[in-house]
Amino acid sequence: KQQTMKAPEQRYIAVGGLTLLVALAAVIGSVDSTTSFRVCFGVLLLTLSVAQLKVAADLYKHRNNLLLQLFQLDSLSLFVAAGAIASIASLLFAFPEYDVTCALRQPIILTSITFMGNLLIGRAWRIGSIISSTAAFVASSDKIDAVGMARLNVMNVLSTLSQLGRYVGSSGREKIGSNSGIRRTLTFADSTFVVMVLLIPQLVLQIINFSVPSVKMGSVEILEDEGHYTCESRAGPYVLVVGIVLAAIPFGISLLINIESKGIPDKFRELDDIVASMTSSFWMLLATLPTVGMIGQTQPNARAYLLAASVLSFVLPLSYNIAQTRLQNVTMSTGLARGNANSKQGSSIQRQTKRTSSSSSRDGKVKDDPQILQAAEETAIMGKMFDTMGSTSKAVAMNRDILTLFKVEGDDFSWEAGFTLPEIHSLGPKSLEVVVKTLLGSSKLWRSFLYMNSDNEEAKRRGIKCCTDALDIFDRAPAKTQVSDRSVIFPVYSLMSNIAKTMAYEYVPPNTNNMSREEFEKTLSENFVKETHYQQYHQCRALALQADVMRRQGKYEDALSVIDEMKSIYNPHLHSRVLMKEYITDHCVEIIAASTFWLHHFGRNDEALRLCDQVVDTMLPEIEAIELVTKSTILTPICRTLAKQRQSGAAKKALELYRTHVSDPVALAGGGGKVHPSMCVSIMIILKCCSSGGEVYDDLSTDIAHMLNRKD
């Protein structure tokens with residue numbers, strides 16, 4: 001209904017615009033008055049500029065629409081505003097008798113158009129970086145062809161520019177190239193910095209064009225008796241040609257990085273819109289520019305009209321196809337607009353579809369609804385984009401929308417209430433995977449809030465409950481037996497174990513039937529081990545968790561037995577980097593390293609030293625140099641064990657190990673990582689004292705001063 005109402009409105013706008021153009025053409029042909037022409041010309045350009053600014057205002061009006069925010073609302077508003085500036089600046093073509101208008105029109109128009117092209121580049125780069133990795137973004141087939149490689153190079157250059165902006169913004173604290181890959185949190189400030197850097201060549205050219213007398217455009221009288229003027233430059237058309245080339249390059253680059261590629265939904269790709277705009281502009285320019293050449297300087301009004309039409313033929317289609325169309329599509333689609341926090345209509349649409357989220361087959365197995373899964377997948381992409389853009393609260397809202405799709409009783413999903421037992425039983429195998437993954441992601445997002453504010457009790461409570469709900473749902477759902485890849489639940493166990501370490505001792509997680517804290521952790525680790533049978537590196541992670549739980553409960557001998565079992569499976573060369581990718585860190589080598597000090601404590605010193613050598617020689621080399629937190633976690637108990645030896649050589653070995661793998665790299669990174677330099681200095685002082693044999697070492701006075709000046 002909204003679409004049918006919009007169609008006549010669009011026709012009226014088109015008819016009105018054509019009427020204005022015809023009226024202006026009539027004025028040009030029938031009224032031999034420069035003043036009358038300028039008035040009509042100014043009214044037309046003002047109308048078009050106001051229309052573009054109206055689009056920018058409408059974009060701001062719908063700023064709470066989540067999908068529209070994914071189209072990068074701020075950049076769209078700037079894009080339309082730049083088009084409005086170029087449109088109204090076209091009025092300067094009608095005033096060739098003034099030096100200032102001649103000097104201003106080229107810098108304003110070309111800079112605005114270049115800015116529009118740069119915004120297209122910035123938006124495409126940011127959206128591509130957010131949704132997929134660089135390789136997936138540039139590859140439209142299994143192999144990266146020449147075009148794909150060109151896109152890859154462009155993306156890498158833009159990413160480097162963004163990192164340069166962060167380096168400058170952090171006063172050198174964030175190193176260039178410190179982020180591996182292009183996929184990281186990208187804010188509006190990042191894309192704005194890229195846009196402004198790309199604008200520098202045009203800005204420099206136009207500043208020279210405006211300020212240097214030898215190239216500055218000025219008014220020249222060509223027919224003294226008739227008072228006809230034109231704008232000319234002593235440097236000829238060369239500066240203008242270079243400016244046009246610089247304005248065209250961004251649009252070529254934006255076409256390159258908008259070509260179809262894997263991982264980018266069509267709704268976020270603007271290739272067709274840009275091509276359509278360029279095509280309409282080409283045909284208009286094909287008519288206006290030759291006409292300008294034919295009439296020369298004898299008809300200044302007609303010349304001004306045609307030059308302005310040339311500019312408008314480039315600006316207006318872009319503003320309509322890129323911004324206005326996006327705005328219309330979002331506001332007319334109630335299904336996409338359901339993410340708006342102020343809209344209630346979307347909830348009714350959800351309820352109409354979610355009642356059929358799954359069905360049962362004749363063999364009693366629950367089947368999934370493809371429409372629900374598709375809606376969940378699209379919403380998940382939006383949530384991932386918000387998370388990568390730094391909008392954590394909106395990412396949480398997207399996850400809540402996903403979970404609402406699988407409610408069957410007409411209510412929106414509640415973080416406190418979760419799912420009822422009938423709803424859990426109604427989940428198909430794919431639906432179960434989606435729910436578990438969404439709850440896991442939601443737990444991580446709630447913990448992000450907790451990192452920002454440690455007193456946020458709601459974030460702490462919901463982060464824990466999302467994890468326990470995921471475990472409980474996976475355990476109770478009948479579709480669990482139909483899930484082909486049970487590894488979907490493994491990260492939930494791992495995250496829950498990390499959360500358990502930070503919980504207050506008296507806190508009892510939900511969904512545990514009031515079991516004690518110790519019993520909860522013990523059951524958690526046992527279930528994790530049971531779930532991961534015959535899946536080697538997952539089994540290693542589960543056994544590492546079980547050993548850690550036993551260690552926290554004081555059962556060191558039992559923990560050592562579990563570690564022995566884990567070592568019979570664990571292969572550092574095969575498993576370490578896979579574990580790092582899946583679980584952020586290699587918990588296996590960390591718990592093995594920690595056990596060296598337990599062995600020393602129980603008097604099994606020779607065994608402890610052999611294990612130290614095994615960790616340093618075969619496991620530590622598998623940890624990448626940039627993983628300083630993991631290396632510090634591994635080496636701290638190793639160095640502690642070595643420092644406890646009576647021989648000073650062992651302590652010196654510990655000092656050299658820590659200096660080489662942790663202390664020096666942290667100092668080189670300038671404290672930009674998660675390992676604080678002051679912690680490294682403190683450990684280094686202890687190791688120096690142990691390795692000095694009671695003698696004064698070289699920088700003892702410096703270390704004493706450091707310890708005395710500490711404020712913690």
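Calculation notes
Residues numbered from 1 in each chain as written. Predicted model: local features only at pLDDT ≥ 70, side-chain atom pairs only at ≥ 80, totals over all residues. Heavy atoms only, no water. Helix = DSSP H or I, 4+ residues; strand = E, 2+ residues; numbered from the N terminus. Buried < 20%, exposed > 50% of the residue type's maximum accessible area, 1.4 Å probe, protein only. Contact = heavy atoms within 4.5 Å. Areas by Shrake-Rupley, 256 points an atom, 1.4 Å probe, with all protein chains shown as cover. Salt bridge = Lys/Arg side-chain N within 4 Å of Asp/Glu carboxyl O. Expected span 1.5 Å × (residues − 1). Disulfide = S-S within 2.5 Å. Phe/Tyr/Trp six-rings, centres within 6.5 Å; stacked < 30°, edge-to-face > 60°. Core = buried A, V, L, I, M, F, W, Y, C linked by side-chain atoms within 4.5 Å. Axes fitted to C-alpha atoms, helices over the stretch in contact; angles between N-to-C directions. Parallel < 35°, antiparallel > 145°, perpendicular 65-115°, else oblique. Nonpolar A, V, L, I, M, F, W, Y, C, P; charged D, E, K, R; others polar. pLDDT = per-residue confidence, 0-100. Polar contact = N/O pair within 3.5 Å; in protein donor to acceptor, adjacent residues only side chain to side chain.

A.B. asks: Pulling in residues and values, what's your account of the overall build of the chain?
C.D. replies: Assigned secondary structure in the chain consists of 28 helices and 4 strands. Within the chain, the proportion of its 712 residues that are buried is 47%. Excluding contacts between residues fewer than 6 apart, the proportion of contacts in the chain whose partners are at least 24 apart in sequence is 68%. Carbon and sulfur atoms make up 58% of the accessible area of the chain, which amounts to about 34,600 Å² in all.

A.B. asks: Give me the pattern of salt bridges: which residues, what numbers.
C.D. replies: Here the structure, examined in full by the defined rule, presents 22 salt bridges. The partner of Lys-407 in a salt bridge is Glu-423, and the shortest N-O contact between them spans 3.1 Å. One end of the pair, Lys-407, is in the loop between helix 14 (392–405) and helix 15 (421–425); the other, Glu-423, is in helix 15, and 16 residues separate them in sequence. By the burial criterion, Lys-407 is buried, and Glu-423 matches it. The partner of Lys-688 in a salt bridge is Asp-699, with the nearest N and O atoms 2.9 Å apart. Taken together, the residues Lys-688 in helix 27 (residues 677–691) and Asp-699 in the loop between helix 27 and helix 28 (700–708) connect sequence positions 11 residues apart. Owing to a relative accessible area of 13%, Lys-688 belongs among the buried residues under this scheme. Through salt bridges with shared partners, a single ionic network connects Asp-475, Lys-480, Arg-486 and Glu-531.

A.B. asks: Which residues make up helix 19 (residues 517–531), and what are the values?
C.D. replies: For helix 19, which comprises 15 residues, the first-to-last C-alpha distance of 21 Å matches the rise-based estimate of 21 Å (1.5 Å per residue) to within 8%. Regarding helix 19, the residues found buried are Arg-517, Phe-520, Glu-521, Leu-524, Ser-525, Phe-528, Val-529 and Glu-531. Those residues of helix 19 that are buried lie in contact with helix 17 (457–476), helix 18 (490–502), helix 20 (536–552) and helix 22 (572–583).

A.B. asks: How would you explain the state of the cysteines if you had to name every residue and give the values?
C.D. replies: Under the criterion given, the structure shown has 1 disulfide. For Cys-639, which is in no disulfide, the shortest distance to another cysteine sulfur is to Cys-612 and amounts to 8.7 Å. Classification of Cys-639 as buried rests on a relative accessible area of 2%.

A.B. asks: Residues and numbers for the packing of aromatic side chains, please.
C.D. replies: For the structure on display, the rule yields 12 aromatic pairs. On the numbers, 6.1 Å between centres and 45 degrees between planes, the contact of Phe-490 with Phe-528 is tilted. Remark: Phe-528 occurs in helix 19 and Phe-490 occurs in helix 18; sequence separation between them is 38 residues. Judged by its relative accessible area of 0%, Phe-490 falls in the buried class. Measuring from centroid to centroid gives 6.4 Å for Tyr-556 and Phe-602, while their planes differ by 65 degrees, and the two rings are edge-to-face. Of the two residues, Tyr-556 sits in helix 21 (residues 556–567) while Phe-602 sits in the loop between helix 23 (587–601) and helix 24 (605–619), which places them 46 residues apart along the sequence. Residue Tyr-556 is classed as partly exposed on the basis of its relative accessible area of 29%.

A.B. asks: Lay out the environment of Leu-405 with the relevant residues and their values.
C.D. replies: Relative to the assigned elements, Leu-405 resides in helix 14. Given a relative accessible area of 3%, Leu-405 falls into the buried group. Along the sequence, Leu-405 and Val-435 sit 30 residues apart, while their C-alpha atoms lie 9.8 Å from each other.

A.B. asks: Describe in detail the nonpolar core, supporting the description with residues and values.
C.D. replies: In terms of nonpolar packing, the biggest core is built from 100 residues, with Phe-406, Leu-432, Met-566 and Ile-592 touching the most fellow members. Discounting chain neighbours no more than four positions away, the residues touching Leu-432 are Leu-427, Ile-473, Phe-474, Ala-477, Ala-479, Lys-480 and Val-483.

A.B. asks: Summarise helix 18; cite the residues concerned and give the values.
C.D. replies: Within helix 18, 10 of the 13 residues are buried, leaving the element largely enclosed by the surrounding structure. For helix 18, the secondary structure elements touched by its buried residues are helix 16 (429–452), helix 17, helix 19, helix 20, helix 22 and helix 23.

A.B. asks: Go over unusual backbone geometry with me, naming the residues and quoting the values.
C.D. replies: A positive phi angle, close to 75 degrees, is found at Ile-584, a residue other than glycine. In this fold, Ile-584 is placed in the loop between helix 22 and helix 23.

A.B. asks: Describe in detail the environment of Leu-657, supporting the description with residues and values.
C.D. replies: Turning to its location among the elements, Leu-657 is positioned in helix 26 (residues 648–669). For Leu-657, a relative accessible area of 10% puts it in the buried group. Along the backbone, Leu-657 and Cys-639 are 18 residues apart, and their C-alpha atoms lie at a distance of 7.8 Å. Dropping the residues within four chain positions of it, Leu-657 is found in contact with Val-616, Leu-635, Leu-642 and Val-662.

A.B. asks: Summarise the packing of helix 20 against helix 21; cite the residues concerned and give the values.
C.D. replies: Viewed as axis vectors pointing N to C, helix 20 and helix 21 meet at an angle of 170 degrees, and their least axial separation amounts to 8 Å. On the basis of their axis angle, the class for helix 20 and helix 21 is roughly antiparallel. Contacts between helix 20 and helix 21 involve Cys-540, Leu-543, Ala-544, Gln-546, Ala-547, Met-550 and Arg-551 from the first element and Tyr-556, Asp-558, Ala-559, Val-562, Ile-563, Glu-565 and Met-566 from the second. Along the lines of polarity and charge, the residues of the contact of helix 20 with helix 21 split into 10 nonpolar, 1 polar and 3 charged.

A.B. asks: Could you give an account of the confidence of the model for the chain, with specific residues and numbers?
C.D. replies: Mean pLDDT over the chain stands at 80; residues scoring 70 or higher make up 80%. Mean pLDDT values over the elements of the chain span from 41, in helix 12 (residues 345–354), up to 95, in helix 21. For residues 133–142, every residue scores under 50 in pLDDT, and the model assigns this stretch 31 contacts once sequence neighbours within four places are set aside. In this model residues 333–356 is a low-confidence stretch, pLDDT under 50, and it forms 40 contacts with partners more than four residues away in sequence or in other chains.

A.B. asks: Explain the side chain of Asn-399 to me, and be specific about the residues and the numbers.
C.D. replies: Here Asn-399 is to be found in helix 14. With a relative accessible area of 11%, Asn-399 lands in the buried category. Residues in contact with Asn-399, not counting those within four places in the same chain, are Trp-415, Thr-438, Gly-441, Ser-442 and Leu-445.

A.B. asks: So what's going on with the environment of Arg-552? Which residues, and what values?
C.D. replies: The topology assignment puts Arg-552 in helix 20. For the pair Arg-552 and Glu-521, spaced 31 residues apart in sequence, the C-alpha to C-alpha distance is 9.8 Å. Ignoring anything within four residues of it in the chain, the contact list for Arg-552 reads Ser-497, Ala-500, Lys-501 and Glu-521. Among the polar contacts made by the side chain of Arg-552, one reaches the side chain of Asp-548 at a distance of 2.6 Å.

A.B. asks: Provide a residue-level description of the side chain of Ser-313, including the pertinent values.
C.D. replies: As for its placement among the helices and strands, Ser-313 is situated in helix 11 (residues 300–332). Take Ser-313: its relative accessible area is 8%, and that puts it in the buried class. At 2.7 Å, the side chain of Ser-313 and the backbone oxygen of Ser-310 are in polar contact. When near neighbours in sequence (up to four residues on either side) are disregarded, Ser-313 contacts Ser-281, Met-284 and Leu-285.

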